[in-house]
Amino acid sequence: MTSRRQVLGFATAFLMGMASLSGAAQAQSKELVIFAAASLKNALDEAAAGWVKESGKPAPKISYAASNALAKQLEQGAPADIFMSADLDWMDYAASKNLIKPDTRVSLLANRIALVAAKDSAAKIDLKSGVDLTGVLGSGRLAMGNVDSVPAGKYGKAALEKLGGWDKVKDKVAQADNVRAALLLVSRGEAPLGIVYTTDAAADPQVKVVATFPEDSHPPIVYPVAVTKDATNADAQAFLTYLRGPAAKAAFEKQGFTVLNKPASSS
């Protein structure tokens, strides 16, 4: 005859087994988590949707923010399977902290920075040596990403310094947490001019490109991507492979990116 103690033991073992199976199922179904630079939103959303349709996998969870903020979150232990930065510096930072798998790193995309204004603005600016934006700014401010940490802000400051225009506007800059926040200041009419990526400008019908910065006025704008060291989703590498393929290439080019697709060792 089975004792009450044996019954309780069987029940406990059964419940523990079910909990184990449930945990395994949850681990297998865990969504793919991607940390991506804010400027990638439109293109990456489209690429991710294409991957879901093609693979039948669950939609990835994509967190968009400034590259510096995302790198710091990774350093603090935030879980992510893939990191996509808007510049080489913050991917180098992640690599120096052993936060990525170096052999998965790829320089995926290139971009340009531009001066934008509201779509109905009459501003005319020639981005050449000696450029002075103060006349167009008037009492307003120049919207940019943080010039010390946000990639688009760093590129913008470097370009204005190279053209000799930084000292004239450095006290009239509205620094934003990321490039899309800077874009929004112009889109809402809160700043007469802003420096954003050309891809950002194309994503917002309320702004227009007034002028594009010469490519030799700032460091090359390269977007690297890598699988994180602590990636737990088995689909991370598959998604990265998809990003390097023809379908994602079309999505990126549609938004104005140039596709490089170079392993880090050849960048």
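Please refer to the structure higher up on the page.
Reading the values: rules and limits
Residues numbered from 1 in each chain as written. Predicted model: local features only at pLDDT ≥ 70, side-chain atom pairs only at ≥ 80, totals over all residues. Heavy atoms only, no water. Helix = DSSP H or I, 4+ residues; strand = E, 2+ residues; numbered from the N terminus. Buried < 20%, exposed > 50% of the residue type's maximum accessible area, 1.4 Å probe, protein only. Contact = heavy atoms within 4.5 Å. Areas by Shrake-Rupley, 256 points an atom, 1.4 Å probe, with all protein chains shown as cover. Salt bridge = Lys/Arg side-chain N within 4 Å of Asp/Glu carboxyl O. 1 Å grid on protein atoms, 1.4 Å probe; cavity = no way out; pocket = protein on both sides within 12 Å on 5 of 7 lines; lining within 4 Å. Points joined across faces, edges and corners; volume = space filled by probe spheres on them. Nonpolar A, V, L, I, M, F, W, Y, C, P; charged D, E, K, R; others polar. Phe/Tyr/Trp six-rings, centres within 6.5 Å; stacked < 30°, edge-to-face > 60°.

Chemist: I tried to follow the overall build of the protein on my own but got confused; where do I start?
Modeler: In terms of helices and strands, the protein carries 11 helices and 11 strands. Going through the 267 residues of the protein one by one, you find that 46% of them count as buried. Sequence separation of at least 24 residues holds for 79% of the intrachain contacts in the protein that already meet a minimum separation of 6. Split by element, the accessible area of the protein, about 13100 Å² in all, is 52% carbon and sulfur.

Chemist: Can you walk me through the pattern of salt bridges in this structure?
Modeler: Where charged atoms from two side chains of opposite charge come close, those side chains can pair. Within this structure, the stated rule accounts for 14 salt bridges. Of the charged contacts, one joins Asp-87 and Lys-154 as a salt bridge, the two residues approaching to 3.2 Å between their closest N and O atoms. On the criterion of sequence distance, the pair formed by Asp-87 in the loop between strand S3 (82–84) and helix H4 (88–96) and Lys-154 in helix H6 (residues 151–163) is long-range, its members being 67 residues apart. Overall, Asp-87 belongs to the buried group, its relative accessible area being 3%. Taking relative accessible area as the criterion, Lys-154 reaches 22% and is therefore assigned partly exposed.

Chemist: What's the story with empty space enclosed by the protein in this structure? I'm lost.
Modeler: Take a probe with the size of a water molecule and roll it over the atoms, and the empty space left behind shows itself. The tally for this structure, following the rule as stated, stands at one cavity of 30 Å³ or more. Considered as a void within the structure, the largest cavity measures approximately 50 Å³ in volume. Its residues placed into classes, the lining of the largest cavity shows 10 nonpolar, three polar and no charged.

Chemist: For this particular structure, what's the right way to read the packing of aromatic side chains?
Modeler: Each aromatic ring pair is described using two quantities: the centre-to-centre distance and the angle formed by the ring planes. In total, this model carries six aromatic pairs according to the counting rule given. Measuring from centroid to centroid gives 5.2 Å for Trp-90 and Tyr-93, while their planes differ by 65°, and the two rings are edge-to-face. Pair noted here: Trp-90 and Tyr-93 are both in helix H4, with a separation of three residues, about one helical turn. For the residue pair Trp-90 and Tyr-93, the accessibility class agrees, reading buried in each case. Grouping aromatic residues by their ring pairs yields a cluster made of Tyr-155, Tyr-197, Tyr-223, Phe-252 and Phe-257.

Chemist: Honestly, the layout of surface pockets in this entry has me stumped. Any pointers?
Modeler: Looking at the largest pocket, its volume works out to about 160 Å³. For the largest pocket, the lining is made up of 13 residues, of which Ala-78, Pro-79, Ala-80, Thr-228 and Asp-230 are closest to its centre.

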